[in-house]
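Breakdown of the fold
Chain by chain, the residues:
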Amino acid sequence: MNIFDYYKNLFLKIIKDIPTDKLIIKKITVEMPKQKVFGDISFNAPLILASSLKKQPMQLANEIKELIQAANNDFEKIEVAKPGFINFTFKKEIFLKFIKIIDKNYGKPVSIKSNKINIEFVSANPTGPLHVGHCRGAIFGDVLSNFLKFYGHDVVKEYYINDYGNQIYLFVKSVYFRAIELQKGITFPEDQGLYPGEYIIDIANDVLKKIKNENLSSFDESISKLTPYAIKSALDIIKKDLDLMGIVHDNFVSESDIVNRDILSEAIDKLKNKGDVYTGVLPKPKGDAEDWEPREQLLFKSSKYGDDVDRALQKSDNTWTYFANDVAYHYDKLKRNFDHYINILGADHAGYVKRLSSAVNALNNNKTFSIKLSQIVKLYKSGKPFRMSKRAGDFILAKDLIDAVGKDSARFMMVYRSSNSQLDFDFDLVTDTSKDNPIFYVQYACARINSLFDKSNFDIEKPIIDAKLENLKHETEFNLIKKIVEWPKIVNLCYQNLEVHYIPYYLYELSSEFHTYWNAGKENEDLKIIGHSDKQLINSRLYLLQKLYLVLTIGLNILDVKVLKKM
């Protein structure tokens, strides 16, 4: 039980005689106030209950305050604040009680129904290495997966291989021209919409080894032979890039396999049976559409499920649209019976959110389906946009980024902002060794704590059982304690919003409180953690740091960032 849940349940028991609806009670929260002057926790019940009880929030707040004061003695101060909050300041010994319950599962719900969750992320076309844009979505997806596992769910990480369609045709054609360039010295063409990156030379070399340098007479005769090897080679590069980021998917699903198994026909039949597919003409698109002509197409009634317009399943030549194959893939995924499906898409796929959600809802509205968009990353160095490599053609390789800053820095900083916000990745900041660099400051906190335990001849992994926490009295100690007990609230925020940026930001704030505590000991002998004669006080302070270290470890493990013992 964490401090927020404990007091919410306690307060609700105290005011149980106030009649109200159970759905309204769910909106009642116990939170940390945004400003310290408002106390340690804040209770919003008067605001939530006032309307249903036909009372003014401030009047109800005073009534509830009196009930709590009469029933509980944990608080140094209870105050009512506009427009109807009740703010509580704890007695110091109450915080010490909650420090004792911290263990390796701290913040994890005590009882939760474990769901099967499918998270699909990255899913880059297998046409070459990953770039920085993929890097952010990949790390976000992996950290979110780690978090949901920590929370108690069974998570499968999935990669959808887009190995079908025109982009694969052009990719294989690019490999073909690089191969004959290697074989015969014929210059690679520049005017056919091909992939120009030098990495195509590596793939061509790899493919030529697999086909034992067979003579490639023409592209049309060679395409069926080259395609599986080219895709396999590109996918191997992608998997190596993912491995550099610490990412391993559980499942790879091929679009070509979905097409070959004719899953789309099953999906279309299901939609037809529901009356959600029809032949019709889409309205003229807005803006410049001079070449637009009305034509009949097979359409999906996505507007029935919340989309802006209906969506085409077939083109005018009766071939299937990209969206149709997406429908087939999600239908196949739904048949695998997960409880919750999460797609992580790049910002350039924002237009797909409503149509995909509509398709999943039409195919199976009993399943929970979420889409998270990962916004773009911009690289900066010395205050200017930074380009790292030309090897990829017109984009920056994820591999180059990891080589430059390391896996830990990339993972930490790529989720330091909400996935909904653009991320400015500053090389000067990430490679700095100061408090301005969040990842450095967090790992430095871990190393400093380990150093204190080493100097004190304590094993940081073994609980300190004889600590007297009443020895902890100073403001810097209680600032640290208050930040430590905030962790369960961070966990709840991540879960409610399917966002993980709260974790690295919190770890940075937590580490900052620790470094403040450390530095206070340099200025005030009474605040030295070790190095003085009071062994009981040393034990008490090391006990506190051991709990701090547990929370730092939990958070860094979710991020899959190393907990450094030395720096």
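For the structure, check the block above.
Residues numbered from 1 in each chain as written. Predicted model: local features only at pLDDT ≥ 70, side-chain atom pairs only at ≥ 80, totals over all residues. Heavy atoms only, no water.

Some remarks on the state of the cysteines
Quick reminder of the rule: Cysteine sulfur atoms that come within 2.5 Å of each other are treated as a disulfide pair.
Under the counting rule described, the total for this entry stands at zero disulfides. Note on C135: no disulfide assigned, nearest cysteine sulfur contributed by C494 at a separation of 20 Å. With no disulfide of its own, C446 lies closest to C494 among cysteine sulfurs, the gap being 18 Å.

Describing the nonpolar core
A general tendency of soluble globular proteins is for nonpolar side chains to be buried together. Under the convention used in this document: The set of buried Ala, Val, Leu, Ile, Met, Phe, Trp, Tyr and Cys residues whose side-chain atoms join them within 4.5 Å is what this entry labels a nonpolar core. Under the scheme applied here, a residue whose accessible area is under 20% of the maximum for its type counts as buried, over 50% as exposed, and between as partly exposed, the area being computed with a 1.4 Å probe on protein chains only. Helix numbering and strand numbering both begin at the N terminus, where a helix is a DSSP run of H or I of at least 4 residues and a strand a DSSP run of E of at least 2. The contact rule is simple, with two residues in contact once any of their heavy atoms fall within 4.5 Å.
Counting 123 residues, the largest nonpolar core has Y7, F43, M245, F412, F425, W487 and L545 as its most contacted members. Among the elements that take part in this core, helix 21 (residues 535-559) stands out by supplying 13 residues, more than any other. Leave out the neighbours within four places in its chain, and Y7 touches V30, I41, D74, F75, F90, I94, K97 and F98.

With respect to the pairing of strand 4 (residues 85-90)
Short version of the rule: Strand pairing requires that DSSP identify at least two bridges connecting the strands.
Of all the six residues making up strand 4, five are buried; the element is thus mostly covered by neighbouring parts of the structure. Both strand 2 (residues 41-43) and strand 4 contribute to a ladder of three bridges, which runs antiparallel. Paired with I41 across the strands is F88, a residue of strand 4. Hairpin connection of strand 3 (residues 75-81) to strand 4: three residues between the antiparallel strands.

Quick notes on the pairing of strand 6 (residues 154-161)
The condition is simple: The handedness rule is simple: strands pointing away from the viewer, and a clockwise path from the first strand over the helix to the second, make the crossover right-handed.
Summarising burial for strand 6: six of the eight residues are buried, a large majority. Here strand 5 (residues 116-120) runs beside strand 6; their pairing, made up of five bridges, is parallel. Following the sheet pairing, I117 is matched in strand 6 by V155. Each parallel crossover has a hand, and for strand 5 linked through helix 6 (residues 132-151) to strand 6 it is right-handed. Summarising the sheet, strand 6 and strand 7 (residues 251-254) pair through four bridges and their orientation is parallel.

Quick word on the environment of W487
Checked against the element boundaries, W487 lands in helix 19 (residues 487-497). In the structure, W487 is positioned 484 residues away from I3 in sequence and 9.9 Å away in space, judged by C-alpha atoms. Those residues in contact with W487 that lie beyond four places of it in its chain are Y106, G107, F150, I503, Y506, V551, I554, G555 and I558.

Some thoughts on the packing of aromatic side chains
In this description, an aromatic ring pair is defined by two values, namely the gap between the centres and the angle between the planes. Using the following cut-off: Centre distance within 6.5 Å is the pairing criterion for rings of Phe, Tyr and Trp, where only the six-membered ring of Trp is used; planes under 30 degrees apart are then read as stacked, over 60 as edge-to-face, and the remainder as tilted. We call a charge positioned above a ring when the Lys NZ or Arg CZ atom is no farther than 6 Å from the ring centre and deviates by at most 35 degrees from the ring normal.
Taken as a whole and assessed by the stated rule, the structure comprises 31 aromatic pairs. Seen from their ring centres, Y7 and F90 are 5.0 Å apart, and the 55 degrees between their planes marks the pair as tilted. In this pair, Y7 sits in helix 1 (residues 3-14) while F90 sits in strand 4, placing the two residues 83 residues apart along the sequence. When sorted by exposure, Y7 lands in the same class as F90, which is buried. Taken together, the ring pairs in this structure connect Y6, Y7, F11, F43, F75, F88, F90, F95 and F98 into an aromatic cluster. Across from the ring centre of Y322, 5.6 Å away, lies the NZ or CZ of K315, which sits over that ring.

Some details on helix 14 (residues 398-405)
Stated precisely, the cut-off is as follows: Note that the arc is defined by the directions from the helix axis to the C-beta atoms.
Turning to helix 14, its buried residues number three or more, namely A398, L401, I402 and V405. Down the axis of helix 14, the buried side of the element spans an arc of 95 degrees, and every buried residue falls inside it.

Things to note about unusual backbone geometry
Here the amide bond leading from K82 into P83 is cis, since omega sits at 5 degrees, within 30 degrees of zero. By the secondary structure assignment, P83 is in the loop between strand 3 and strand 4. Of note, the phi angle at V122 is positive, near 75 degrees, even though the residue is not glycine. Structurally, V122 can be placed in the loop between strand 5 and helix 6. A positive phi angle is found at N337, which is not glycine, with a value near 55 degrees. Mapped onto the fold, N337 is located in the loop between helix 12 (322-334) and strand 11 (340-346). The class for N337 is partly exposed, based on a relative accessible area of 49%.

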